[in-house]
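Chain by chain, the residues:
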Amino acid sequence: MLTLLHHTTEVHPCPFSLLEALLEEPFPHTPQEMLQLEQRLSTAAAQTADQIVLAQLTRAHEADAFVTQAIAQARAQSPVPLVHKGFRMTSVLLLGGTRLVLETPSLRQDRRGRRGRRRRTRGSHGAGCYPVLAALGIADRVSPATRSEIALHVVQAASYREAAAMLARRGLACDVSSLVRISTATAETSIRLRDAALAAALRVPVPRDGPLAGKRVRVSLDGGRVRLRRTHRGRKTAKGRHGFSTPWREPRLLVIDILDAQGQPDRLRLPLYDVLLGDAEAVWALLIGYLRLLGAASADVVECIADGAEWIWKRVERLRTLAEIPPSTLVEVLDFYHASQ
């Protein structure tokens, strides 16, 4: 059973009835009326798209072969045995702001035959999964497109509160706690996928026709300073709060970009940025994996530019070897501002 809910408007039985009603309205006569019409059309189009998604999800749940395959795939990928717990109610937030409430198959960890008291909290492998939704990329109660939109706004905004306001402006209502939960889960999944790809890069041959082939590549590394907040355990203060400390850590940033014939950054190709709070070995492993995946071995020139930090320059030769960059291609450059000091 699938039900469509929305936080402001009534659900129309025909997906296009709302749009048809708007077409029957008089044409706008003022800029204000034009603005309001555009806003109503945008909202109506998004709700219509959500209703089409509802129809497609209904078809997916009615396809027995797809449901069986999704359950088998979830069990094969799970590190623990899973047992079918029947159909459970859950919700999914769609891109148009509609919250879809549906009944879908549920799998949970099989704890039959285990001794001891039953747990009241989630274990290390979570509380279970919804295999049909997972097969469609739906997790954390949001659809894939909704997750992408939330991640984009969270990254661009100055705070979660600002991101929530920007999303609400486009009709996607999501509170701050949900934004934190969704963006954190998205980041953790992205890091796992990135690490798996970079680990695989050391095992597969370096591509000779990658994105960096025949290009002039610039690789930059630098460290910075940032404070972390560590909450103290134990007794609270008189104001009912735990004390905390703010130790310094060094984030290490890497940038890979392509230069044009004049040595300037190519405006048509976006740089690749990544940053870690790990040690020097971790950031260099990251850089080596990226250069192998992108085919830096076939670049015309690879310029490694950095300051005079020892943790950088003593690892350049290993970078060249593991990324299979020819010695004649790699150029080491001390940046001007540090050299002038």
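If you're wondering where the values come from, they're calculated on a predicted model, not measured in any experiment.

A few points about the packing of aromatic side chains
For step 1, the next point in the chain: Scanning the model with the defined rule gives 1 aromatic pair in all.
For step 2, the next point in the chain: Centre to centre, the rings of F336 and Y337 are 5.5 Å apart; their planes meet at 80 degrees, and the pair counts as edge-to-face. Judged on exposure class, the residue F336 and its partner Y337 are both exposed.
For step 3, the next point in the chain: For R225, the ring lying beneath its charged end belongs to W248, and the centroid distance is 4.0 Å.
For step 4, the next point in the chain: The ring of W311 carries the charged tip of R252 above its face, separated from the ring centre by 4.7 Å.

As for the layout of surface pockets
For step 1, the next point in the chain: As a volume, the largest pocket reaches approximately 1,500 Å³.
For step 2, the next point in the chain: Lining the largest pocket are 40 residues, and of these G128, C129, A134, A139 and D140 lie nearest its centre.
For step 3, the next point in the chain: Looking at the lining of the largest pocket, the elements with two or more residues in it are α3 (64-77), β2 (82-93), β3 (99-109), α4 (131-135) and α7 (176-201).
For step 4, the next point in the chain: Among the elements that take part in the lining of the largest pocket, α7 stands out by supplying 8 residues, more than any other.

Some thoughts on the packing of helix α5 (residues 144-156) against helix α6 (residues 160-169)
The description of two packed helices rests on the angle between their axes and on the distance between the axes.
For step 1, the next point in the chain: Where α5 meets α6, the closest approach of the two axes is 8 Å, and the angle between their N-to-C directions is 130 degrees. Taken together, the axis directions place α5 and α6 in an arrangement best described as oblique. For the pair α5 and α6, the crossing hand works out as right-handed. For the pair α5 and α6, contact is made by E149, I150, H153 and V154 and by Y160, A163, M166 and L167, respectively.

Observations concerning helix α8 (residues 280-294)
For step 1, the next point in the chain: The terminal C-alpha atoms of α8 lie 21 Å apart, and with 15 residues this matches the ideal 21 Å at 1.5 Å per residue to within 8%.
For step 2, the next point in the chain: With 11 of 15 residues buried, α8 lies mostly within the body of the structure.
For step 3, the next point in the chain: Residues A280, V283, W284, L286, L287, I288, G289, Y290, L291, R292 and L294 constitute the buried set of α8.
For step 4, the next point in the chain: Check the buried side of α8 and you find it contacts α7, β4 (216-223), β9 (252-259), β10 (272-276), α9 (310-313) and α10 (316-322).
For step 5, the next point in the chain: Backbone geometry just after α8 places G295 at a positive phi near 75 degrees.

Here's the deal with the confidence of the model for the chain
For step 1, the next point in the chain: Averaged over the chain, the pLDDT score is 85; the fraction of residues at 70 or greater is 90%.
For step 2, the next point in the chain: Across the chain, α4 holds the top mean pLDDT of 94, while strand β1 (residues 2-5) sits lowest at 48.
For step 3, the next point in the chain: The low-confidence segment residues 4-13 (pLDDT under 50) makes 21 contacts with residues lying over four places distant or belonging to another chain.

Rules of the game
- Residues numbered from 1 in each chain as written.
- Predicted model: local features only at pLDDT ≥ 70, side-chain atom pairs only at ≥ 80, totals over all residues.
- Heavy atoms only, no water.
- Phe/Tyr/Trp six-rings, centres within 6.5 Å; stacked < 30°, edge-to-face > 60°.
- Buried < 20%, exposed > 50% of the residue type's maximum accessible area, 1.4 Å probe, protein only.
- Lys NZ or Arg CZ within 6 Å of the ring centre and 35° of its normal.
- 1 Å grid on protein atoms, 1.4 Å probe; cavity = no way out; pocket = protein on both sides within 12 Å on 5 of 7 lines; lining within 4 Å.
- Points joined across faces, edges and corners; volume = space filled by probe spheres on them.
- Helix = DSSP H or I, 4+ residues; strand = E, 2+ residues; numbered from the N terminus.
- Axes fitted to C-alpha atoms, helices over the stretch in contact; angles between N-to-C directions.
- Parallel < 35°, antiparallel > 145°, perpendicular 65-115°, else oblique.
- Left-handed = near helix turned anticlockwise from the far one by under 90°.
- Contact = heavy atoms within 4.5 Å.
- Expected span 1.5 Å × (residues − 1).
- pLDDT = per-residue confidence, 0-100.

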